[in-house]
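# Reading the structure
Take a look at the letters that make up each chain.
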Amino acid sequence: MEVKTSLLDNMIGVGDMVLLEPLSEDSFLENLRKRFDHSEIYTYIGSVVISMNPYRSLPIFTPDKVEEYRNRNFYELSPHIYALADEAYRSLRDQDKDQCILITGESGAGKTEASKLVMSYVAAVCGKGQEVNKVKEQLLQSNPVLEAFGNAKTVRNDNSSRFGKYMDIEFDFKGDPLGGVISNYLLEKSRVVKQPRGERNFHVFYQLLSGASDDTLKKLKLERDFSKYNYLSLDSAAVNGLDDAANFRTVRNAMQIVGFMEDEVQSVLELVAAVLKLGNIEFKPESRCNGTDESRVKDKNDLKEMCELLGIEQSVLERAFSYRTVEAKLEKVSTTLNVAQAYYARDALAKNLYSRLFTWLVSRINESIKAQAKTRHKVMGVLDIYGFEIFEDNSFEQFIINYCNEKLQQIFIELTLREEQEEYVREGIEWTNIEYFNNAIICDLIENNQNGILAMLDEECLRPGTVTDETFLDKLNTICAEHQHFESRLSKNSKFLTDHSLPHSCFRIQHYAGKVLYRVEGFVDKNNDLLYRDLSQAMYKANHSLIKQLFPEGNPAKVNLKRPPTAGTQFKTSVGTLMRNLQTKNPNYIRCIKPNDKKASHIFTESLVCHQVRYLGLMENVRVRRAGYAFRQAYEPCLERYKMLCKKTWPHWRGPAREGVEVLMADLQVPAEEFSYGRSKIFIRNPRTLFFLEERRRQCLQDLAALIQKIYRGWKCRSRFLLMKKSQVVVSAWYRRYAQQKKYKQVKSATTVVQSYTRGWQARKLLRELKYQKRCEEAVTTISAFWHGTQARMELRRLKQEARNKHAVTVIWAYWQGTKARRELRRLKEEARRKHAVAVIWAFWQGLKVRREYRKFFRANAGKKIYEFTIQRIMQKYFLGLKSSMPSMSPIDRKWPARPYRFLDGVHTELRRIFHLWRCKKYRGQFTEERKAVYEEKLEASEIFKDKKALYPSSVSQPFKGDYLEISKNPKYQKLNSAVDEKVLLADVVNKINRANGKGTARIFLLTKKSVLLADQKTGQVKASVPLPDVASVSVSTQSDGFFALKLKEGSASAVKGDFLLSSEHLIEIITKLHRIGATAADREQLNVDISDEFLVQFKQDKVCVKFIQGGPKNGSSVSCKRKNNRLLEVSVPTTA
Ligand SMILES: Nc1ncnc2c1ncn2[C@@H]1O[C@H](COP(=O)(O)OP(=O)(O)OP(=O)(O)O)[C@@H](O)[C@H]1O
Ligand SMILES: [Mg+2]
């Protein structure tokens, strides 16, 4: 169900000022403030929208909002600019009424933004399609282009429109946009050459310098630095929140969308650059012979660059800045320009250049957005024109702008009153006139053709003789003196003679929006808007297509001596056309209000708003609106909204809406003078009545809500109860079912038991009977079987007898046949044997014959040869077999293939030996010299000890290391090492056995090529040195001990102390080495090594016998030496396992 809403719902303050109660300026402002504080920036006065500038972006312009306001009635939702746009668009589309949207307000109040919002809304709700979208896009994109060239930062507004704009958007019968036409009014061109403090030139200059690429700037002969250009004010060149560079790109893009060709854009930028260059041209005086000063261009560089940009001959322009040609009838007089005049000419040229460029841009855009179809169009005009301006110093521009605003105010008054009046007439309501201030009198003061200010200014400008601003003021003082709204100090009206707020060079007009003081200085010049003909001709001569177009009057072929219309007249004419245009359309008003002077959000400056409310005549607007009826509403929505207040109309009224409303009003007893019935609407005179209705509606809604709530609650409880009841029935049904099921199952099982017993009994009974029956049957069968058996056996016996008889016959027959067959076989065999004997005898006979015949062919020694051959073959086979089954090359491998023939026994053993020797040789061949020596030593050890000493087998696997102490490397033995001259062949720690107690003392045993040394183990001090020739022999035991005695030659120097009895773990190695070296050193055959378990050792004078015995287990595992007596040392050696 669609929810019907109204602007009266959730209102903050009142959404429509007409409903304000009581109505006063204070309550009006308070309402505005209240709504503004709640971000409600729009308020209605009837169908007029008041728009407060929020100075911040509000979330009320989203696509959702557009959808919300689309196709809704004006008063249906809270006030919004979209409601106005929708109303205008729908009456244009559906009722075929041309519309105009008049947006007024002072500078910075938000007119341009409002116009853009209206356009964007219409663009969003109108038809879609490729062509339509292109038109929309072009219409919307015309804004950034015009804003760049026509807007500037002022103290009041950072994006102030410095021209008036009226745009007609044309639609077809479906409401799809076809195109548009833009009209521009009076660009503030003085800004091009000079900007007031805190303001800057038109945006495009800054955008070009900030946003153009280096390349473009180079082409345009420009530099990025603003300070290089006299026409650009520097103090506010950068504007907060304005990105000139990005905007430049937007503008270029927009120009492309609108349809500007690339060369056109380039021409436009060249013109902009030319204006900047023009500002940099400076002049200096040059004295002439007649005593006057003539101006000359100071630095010609800028002039040159500008001429290059525009394709103008430099000398022509230079001359135009120095001379002025005046043509009168057939005469041509050339006068020189002084410096001031030259500057005036330069600035005039710059202003003209720029303003003509702007006008050209507008017409170029119009060309692009022109509606193509020739059919009748519906038109929606949007007017965004400069607001009323009251500055400290007001000049011609303000005068013109304020004149325009006067005209708009007039049209506003006229149209609102007319519309109101027309509505009453349309609805058949009686109408009484209302008093309001009509500003027609002020318009007349300005525009009257005979004695209006503009007419007077024109007259003054065209008058021969000296014309100055003062003469113009004098004229005003005479002619307008009596006018109520004209004030001047020197007028004939004595009232102002003493008014010091009125300077002599000024006049004041009481506009509808307040008094404005105008300084006359510049009025005549600005109205004349003169550009010296020499300059326009110089421009026309330019080799630049656009410039040529802009200065058509420079064409010498079309010299027109008639003066062009003055600026004032031009403006008056165009305003007149505009007003006539607007009067043919249905007006929609947006009155913009600026909440503060600081461009700040959330600040509401009451005095400022009050001033605007006053001069915009908003209070009067409300009064006019209320003078008749404050509120009106069509019968249907009215009945829909209030029908619940009367029982007869609630909930449905079947008859016509009007009658329903009449019944309703009668039922509510609203006094008859409080309302009137129109044809389609009810008119409510007083807001109080409306509020009364609203209050009743609110109460009624509350009651209705309570009723609905009550019914809903009752319904909810009942539904719950019914649900519970239903549930209970279900639960009990389920329970009963369960109980019955259970009982049924019990009965069933009992029945089954009883049944089974009965059936069992019956079955058993039946079984018994069946068994009896079966037994009877079996008895019968048995008897019959026996009977049949007897019968069968008798038959069998008979048959057997018969068969036996038959068999006997067969056997006898078979014997007979057999005897016959054997006899035959014997005969056949005999015959075959005979045949074979004959064949053998025949073969022998044949063989004998053949041998006898061939014997002569065999040699006598064939048998020997065959024997040799056979032997050879056997040998060959044997060797080849041996080759493939050879054992490995390891000398310890004992494998050898088995002998195949006994006669090969000797060969086989011999081959095995040879092979072993050969592989041993191969093995030895791999040895290095060192290893060879080691093995030789090992071999020698074996020769000495093998099978002689029990220690020997354990030494075989131990390598002979020699230097166990690493004497040369170990720093501990450094001293000892240095004491030995020869190379140490063996170094080891041995025990020197003390003969006194048989205990051992550790000694270092060193063996060199020449001697044996014994040294202290700790200190390394040499204790004994025995030259090898002094060693007579060595004695060792046969057992596994390490004892050995070095016996010294008797009578040698070493023998003085006696022999050495030592023990070592490396006995075998020591003795072997001694044996080898001892021989060479002593130059004798070999050193004697005695191996016996008893030997004598010479200790000084005594000979002691050392005896080795096999020790029992009590001796443990170590060898022990004990002195038994003076002559016997007993060494017990543990038994080796
Ligand atoms: N509806 C809005 N929402 C947000 N900001 C707004 C709105 N209307 C106006 N403004 C702000 O106020 C500034 C001035 O608005 P705008 O340019 O429309 O003023 P104007 O009435 O056209 O002034 P001028 O007469 O100088 O051209 C805008 O630049 C914008 O910052
Ligand atoms: Mg504007």
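About the criteria used
Sequence order sets the numbering: in each chain, residues are counted from 1 along the sequence as written. Note on labels: chains are lettered from A, ligands numbered from 1, in written order. Only residues with pLDDT of at least 70 are given local features in this predicted model, and only at 80 or more are side-chain atom pairs given and counted; all residues enter the totals for whole chains, interfaces and linings. The basis for every side-chain value is the complete set of heavy atoms in the structure, and neither hydrogens nor water enter the calculation. The angle between two axes is taken between their N-to-C directions and runs from 0 to 180 degrees, where each axis is a line fitted to C-alpha atoms and a helix contributes only its stretch in contact. Helix numbering and strand numbering both begin at the N terminus, where a helix is a DSSP run of H or I of at least 4 residues and a strand a DSSP run of E of at least 2. Handedness of a crossing follows from how the near helix is turned relative to the far one, being left-handed for an anticlockwise turn of less than a right angle and right-handed for a clockwise one. Contact criterion: two residues are considered in contact whenever any of their non-hydrogen atoms come within 4.5 Å of each other. By the convention adopted, Pro, Cys, Tyr, Trp, Phe, Met, Ile, Leu, Val and Ala count as nonpolar, Lys, Arg, Asp and Glu as charged, and the other residues, Gly among them, as polar. A single heavy atom is enough: if one lies within 4 Å of a molecule or strand, its residue is considered near that molecule or strand. The term polar contact refers here to a pair of N or O atoms within 3.5 Å; inside protein, the definition further demands a hydrogen-donor-capable atom paired with an acceptor-capable atom, and it admits residues adjacent in sequence only when both atoms are side-chain atoms. Every accessible area reported is derived by Shrake-Rupley at a probe size of 1.4 Å, with residue values counting cover from the shown protein chains alone. UniProt positions are given in the numbering used here, feature names are shortened, and annotations may be inferred rather than shown by experiment. Only protein chains enter the area calculation, which uses a 1.4 Å probe; residues under 20% of their type maximum are buried, those over 50% are exposed, and those in between are partly exposed. Distances up to 2.8 Å from the metal define which N, O and S atoms are donors, and 3.2 Å serves for Na, K and Ca; water is absent from the atom set, so sites may look incomplete. Only strands joined by at least two bridges in the DSSP assignment are considered to pair.

This paragraph deals with the packing of helix 1 (residues 25-37) against helix 22 (residues 606-615). Here helix 1 crosses helix 22 at 115°, and the two axes come no closer than 11 Å. In this structure, helix 1 meets helix 22 at a crossing whose hand is right-handed. Contact residues: Glu25, Phe28, Leu29, Leu32 and Arg33 in helix 1; Glu606, Val609, Cys610, Val613 and Arg614 in helix 22. For the contact of helix 1 with helix 22, the residue count by class is six nonpolar, no polar and four charged.

A few words on the site of ligand 1. Taken together, 17 residues lie near ligand 1, and Asn53, Ser107, Lys111, Thr112 and Ser160 sit nearest. One of the backbone N or O atoms of Ala109 is found 3.3 Å from an oxygen atom in ligand 1. In this structure, an oxygen atom belonging to ligand 1 sits 2.9 Å away from a main-chain N or O atom of Gly110. Protein chains bury 85% of the 620 Å² of accessible surface belonging to ligand 1 in isolation. Where the shell around ligand 1 is concerned, the elements lending two or more residues are helix 4 (111-125) and strand 5 (160-161). With three residues, the top contributor of residues to the shell around ligand 1 is helix 4.

According to UniProt, the feature "binding site: ATP" (unreviewed entry) maps to Gly105, Glu106, Ser107, Gly108, Ala109, Gly110, Lys111 and Thr112 in the numbering used here. One can find Ser107 in the loop between strand 3 (99-104) and helix 4. Excluding anything up to four places from it in sequence, Ser107 contacts Thr154, Arg156, Asn157, Ser160 and Lys594. With respect to the secondary-structure elements, Gly110 resides in the loop between strand 3 and helix 4. Since its relative accessible area comes to 18%, Gly110 is described here as buried. Not counting chain neighbours up to four residues away, the residues in contact with Gly110 comprise Asn53 and Cys592.

Attention shifts here to the coordination of the magnesium ion (ligand 2). Octahedral metal centres with six donors ideally show angles of 90 or 180 degrees, and tetrahedral centres with four donors ideally show 109.5 degrees. Note on the magnesium ion (ligand 2): its protein donors are Thr112 (OG1) and Ser161 (OG). The metal-donor distances range over 1.9 to 2.0 Å. Within this pair, whereas Thr112 is found in helix 4, its partner Ser161 is found in strand 5, the two being separated by 49 residues in sequence. Note on accessibility: Thr112 and Ser161 belong to one class, buried.

The next subject is the sheet that holds strand 14 (residues 506-511). Sheet architecture is open: three strands sit in the order 13-14-15, paired in antiparallel fashion. Strand pairing shows two members of the sheet lacking a second neighbour, strand 13 (486-488) and strand 15 (514-519), which therefore form its edges. Between one strand axis and the next, the sheet turns by 25° as a mean value, whatever way the strands run.

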